[in-house]
Every structure is written in C-alpha cells, then in structure tokens.
Amino acid sequence: MAAALIWILLVGLLAGLGDAEAQQTTLQPLVGRVFVHTLDREAALRHPEHVDVPPTTPVTYHAHLRGHPDLPQWLRYTQRSPHQPGFLYGTPTPEDRGRQVIEVTAYNRDSFDTTWQRLVLLIGDPEGPLLPYQAEFLVCSHDVEEVLPSTPASRFLTALGALWEPGELQLLNITSALDRGGRVPLPIEGRKEGVYIKVGSASPFSTCLKMVASPDSHARCAQGQPPLLSCYDTLAPHFRVDWCNVSLAAARDFLTDALVTLLVPLLVALLLTLGLAYVMCCRREGRLKRDLATSDIQMVHHCTIRGNTEELRQMASSREVPRPLSTLPMFNVRTGERLPPQVDSAQVPLILDQH
C-alpha cells in the first residue's frame, strides 16, 4: 500500500511538470459559506470522446495545496470507496480570503493511468444580508458523503424551512461526526456515522426551535427523555435529527456591553473625584473663621504655650540670655502683691538630675 502511494505521488509530480496537459478549473468559494466540489471521474479517466466511462472503474484521488503536502486547514477531502466520487468540502474563514491553488492527482486503479488537475480557488466575501441566526443539527441518518451533493442539501433546507421563521436559509458548514469525536458505527445495516449541518438565516428562530434548545429540554435529555418539541418534525422521515444536540447561536451586539464596561467605572470614578474635591476645597472653614469660633481663653492659653515654647528653644541655643519671665516676682491675683521667689531660679537648671 505504501509503495502504491509513493508511485502515485511520483507519477503525479511527473504529470505536474507539463502544465499544458493539466486541466485547470476556477472556482469561487465564499467566506462563511459551505463549499463543495465533486471530483470529475470522467475527466480523470481520460477516455476518448463519445465513450462512456464504466461505473465500475475504481478511481482514487490525492489533493494538496500547491507548494504544501496537505490541504488548507479549512478544506477537507473525502471518498467512501474507489467506486464512488470524491469530494472537496469546507467553509473558508476571513483569514483565507484570496487565491489558493489545489492540485489533485487522480489514479485509475485498473489501467494505472494518472492524471493531474488544478483547482484555482478565488475566495471572496458573500453578497446579501448577514446571517446572525445560526443553528447546528446532528443528522444521525446520513454520512457526510450523502449530504454533500446539492440534492440532499437542498432537501434538508426545504424541510427545515417549515421549522424556521420565513426567510432564506443558507448552508454554512458540513462536518462529519467523526471529526467531532464520534465513534465509527458497527457494520450493521442502517448505522451511519452522522453529520453536523450548520444553517444560517437573517430571520429569527421560531418558537419551536427555541423550545428545543431551552434549559428544560436539556434537562429532559440529561434524564434520557426526548426534548420538548412543540411543532411537527418536518425533517422526518428523510432526515433523523438528534434533537438533544441542537445548538442555536444568535449574533450579539457587543457595543452596548463594551460601553457599559468602560463608562460605568469611569462615571463612578468621576463622581468620587468630584465629591472629594468638594470636601477638600469647598468645605474648608479658613483660619479667620476658625479663630472667631474659638474662645478668648483658649486662644490666650494657646498663645502662651506657643510663646513659652519659642522662649525655651532660644534658651537652648544660647545660655547668655536675660532672666526668663518665669523667674520674675510672682503676682498674687488676690492681694495684688508681687512676691519675690524663694530661690534664685536662674541658677537652677531647667531639668533637674534625677537620682
């Protein structure tokens, strides 16, 4: 198997040397819309004109981005068997805008012929209104290859339109359940891998879809019970949808949230700043008002203490000073007499030594 794959790659590289023989197809995928391209078996087998291609001829493909060994991250390749067609599918993102070239090598398993074709993808933005309302469904009755053709996809959108508000529905993405961590089913008839189908619309969700995705429905699903479905399942019996795996997403306007997040703290900080400025600047009494509100006795007491403090500071700096006022004869307020001190206070130190 490894040797055969190496041979396919080598032949594909040799075929790629002749650009004149390579077939080139230009496609225009749209950002945010599902892209599906069916690989043409007739062109790969190189049969003469007016000769039908036998349906039993096995053909396999190998696709990669030019200059890279694999496909781009948004693009996938699938083929159920060599007797069935191959598909390239995916949904480009805004980062994928521009021109991408996909090189596809087709290998005829019977005649060992190898052909090479080039797909030029011009990825652009879609036209029309935005699709803010998006829903994703898990279809358990199909494999991914069974919904990639246009007919099953159109049938699914038509059936889903009865459960949605009137409006145009668009396919946004198709993903195999195996790519989401699903298990490979047992080889029993009727067992399918499952496929996730994402649909978008400019019309809001219906009451039926909102009820299916409500917390009450999720609680019932967690207990093994069917979810709440207030409308008729128009997708059955062609599509068996797991209603416990329905997810709804509506686009939100984050401008209001951003304004609330930024403006509310700024407004609170501004109010606190104004309040603090009013208290510090507008509520000050002033020195004159403070002095007028203070009693004369308290003011005299304060001035006396302050004057004595200044006097002690001057005496500490120099001992050659006149006698302090505190050593003068005392005045008796009762008799009016001035009594001399008992001792010469000038010879007594201000702070006595403690023994």
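Predicted model, so just to flag it, every value in this text is computed and none were measured.

J.: Report on the overall build of the protein, specifying residues and quantitative values.
T.: Secondary structure summary: the protein contains 9 helices and 13 strands in total. Of all 355 residues assigned to the protein, the portion counted as buried reaches 31%. In the protein, of all internal contacts separated by at least 6 residues, the share reaching a separation of at least 24 is 68%. Counting only carbon and sulfur atoms, one obtains 58% of the accessible surface of the protein, whose full area is about 24100 Å².

J.: So, helix H4 (residues 150–161): which residues are in play, and what are the values?
T.: Compared with an ideal rise of 1.5 Å per residue, which puts 12 residues at 16 Å, H4 spans 16 Å between its outermost C-alpha atoms and is within 8% of the ideal. Along H4, the positions that sit buried rather than exposed are Pro152, Ala153, Phe156, Leu157, Ala159 and Leu160. Seen end-on, H4 carries its buried residues on one side only, within an arc spanning 165 degrees. Facing away from the buried side of H4 by over 90 degrees, the exposed positions are Ser150, Thr151 and Thr158. Residues of H4 that are buried make contact with strand E8 (133–139), helix H3 (144–147), strand E9 (169–176) and strand E10 (195–201).

J.: Residues and numbers for the side chain of serine 203, please.
T.: Inspection of the secondary structure assignment puts serine 203 in the loop between E10 and helix H5 (207–212). The buried category is assigned to serine 203, whose relative accessible area is 13%. Within the structure, the side chain of serine 203 is placed 2.7 Å from the backbone oxygen of proline 166, a separation counted as a polar contact. Sequence-distant contacts of serine 203, defined by excluding residues within four places in its chain, comprise Tyr133, Trp164, Glu165, Pro166 and Gly167.

J.: Just give me the short version of the pattern of salt bridges, but keep the residues and values in it.
T.: Counted according to the given criterion, the structure contains 8 salt bridges. For aspartate 143, the salt bridge goes to arginine 80, with nearest N and O atoms at 3.6 Å. Here aspartate 143, found in the loop between E8 and H3, pairs with arginine 80, found in the loop between strand E4 (75–79) and strand E5 (86–90); they are 63 residues apart in sequence, far enough to count as distant. Assessed through its relative accessible area of 36%, arginine 80 is described here as partly exposed.

J.: Describe the packing of aromatic side chains, listing the residues and the values that go with them.
T.: In this structure the tally under the stated criterion is 7 aromatic pairs. Pairing tyrosine 133 with phenylalanine 205 gives two aromatic rings, centres 5.4 Å apart and planes at 85 degrees, and the pair type is edge-to-face. Of this pair, tyrosine 133 sits in strand E8 while phenylalanine 205 sits in the loop between E10 and H5, and the two are 72 residues apart along the sequence. Residue classification places tyrosine 133 among the partly exposed positions, given a relative accessible area of 26%. The class for phenylalanine 205 is buried, based on a relative accessible area of 8%. With a centroid separation of 5.3 Å and 45 degrees between ring planes, the pair formed by tryptophan 164 and phenylalanine 205 is classed as tilted. Of this pair, tryptophan 164 sits in the loop between H4 and E9 while phenylalanine 205 sits in the loop between E10 and H5, and the two are 41 residues apart along the sequence. Phenylalanine 205 carries the same exposure label as tryptophan 164, and that label is buried.

J.: Tell me about the nonpolar core, and name the residues and values.
T.: If you look at the biggest cluster of nonpolar residues, it comprises 29 residues, and the most contacted ones within it are Phe137, Phe156, Leu160, Val199 and Trp243. Breaking this core down by element, the ones donating at least two residues are E5, E8, H3, H4, E9, E10 and H5. In terms of residue count, H4 provides more of this core than any other element does, 5 residues in total. Core analysis: the next-biggest nonpolar cluster, separate from the first, contains 18 residues, Val31, Val59, Leu71 and Leu121 among them.

J.: Requested: an account of the sheet that holds strand E2 (residues 35–38), with residues and values cited.
T.: Read from one edge of the open sheet, 3 strands run E2-E5-E4, paired in antiparallel fashion. The open sheet terminates on both sides in strands that have one partner only, identified here as E2 and E4. The sheet shows a mean angle of 20 degrees between the axes of neighbouring strands, taken without regard to direction. Here E4 pairs with E5 via 5 bridges, running antiparallel. When the sheet's bridge partners are listed, leucine 75 is paired in E5 with glycine 90.

J.: Please set out the state of the cysteines residue by residue, giving values where relevant.
T.: Across all of its chains, the model carries 2 disulfides by this definition. One disulfide in the model links cysteine 208 with cysteine 231; its S-S distance is 1.8 Å. Disulfide cysteine 208-cysteine 231: the torsion about the S-S bond is -55 degrees, which places it as left-handed. Taken together, the residues cysteine 208 in helix H5 and cysteine 231 in the loop between helix H6 (215–222) and strand E11 (247–250) connect sequence positions 23 residues apart. Given a relative accessible area of 6%, cysteine 208 falls into the buried group. Judged by its relative accessible area of 26%, cysteine 231 falls in the partly exposed class. A sulfur-sulfur separation of 2.1 Å characterises the disulfide bridge that pairs cysteine 221 with cysteine 244. Where cysteine 221 bonds to cysteine 244 through sulfur, the torsion about that S-S bond is close to -85 degrees, and the disulfide is left-handed.

J.: I'd like to hear about the sheet that holds E8, residue by residue, with values.
T.: Reading across the sheet, the 4 strands line up as E9-E10-E8-E11 and stay open at both edges, with antiparallel pairing between neighbours. Strands at the two margins of the open sheet, each flanked by one partner only, are E9 and E11. Within this sheet the neighbouring strands show an average axis-to-axis angle of 20 degrees, counted without direction. For E8 and E10, the ladder comprises 7 bridges, and the chain directions are antiparallel. Residue pairing across strands places alanine 135 opposite valine 199, the latter belonging to E10. Packed onto the sheet, H4 meets E8, E9 and E10 and runs at close to 120 degrees relative to E9.

So, how was this worked out
Residues numbered from 1 in each chain as written. Predicted model: local features only at pLDDT ≥ 70, side-chain atom pairs only at ≥ 80, totals over all residues. Heavy atoms only, no water. Helix = DSSP H or I, 4+ residues; strand = E, 2+ residues; numbered from the N terminus. Buried < 20%, exposed > 50% of the residue type's maximum accessible area, 1.4 Å probe, protein only. Contact = heavy atoms within 4.5 Å. Areas by Shrake-Rupley, 256 points an atom, 1.4 Å probe, with all protein chains shown as cover. Expected span 1.5 Å × (residues − 1). Arc of directions from axis to C-beta. Polar contact = N/O pair within 3.5 Å; in protein donor to acceptor, adjacent residues only side chain to side chain. Salt bridge = Lys/Arg side-chain N within 4 Å of Asp/Glu carboxyl O. Phe/Tyr/Trp six-rings, centres within 6.5 Å; stacked < 30°, edge-to-face > 60°. Core = buried A, V, L, I, M, F, W, Y, C linked by side-chain atoms within 4.5 Å. Pairing = 2+ DSSP bridges. Axes fitted to C-alpha atoms, helices over the stretch in contact; angles between N-to-C directions. Disulfide = S-S within 2.5 Å.

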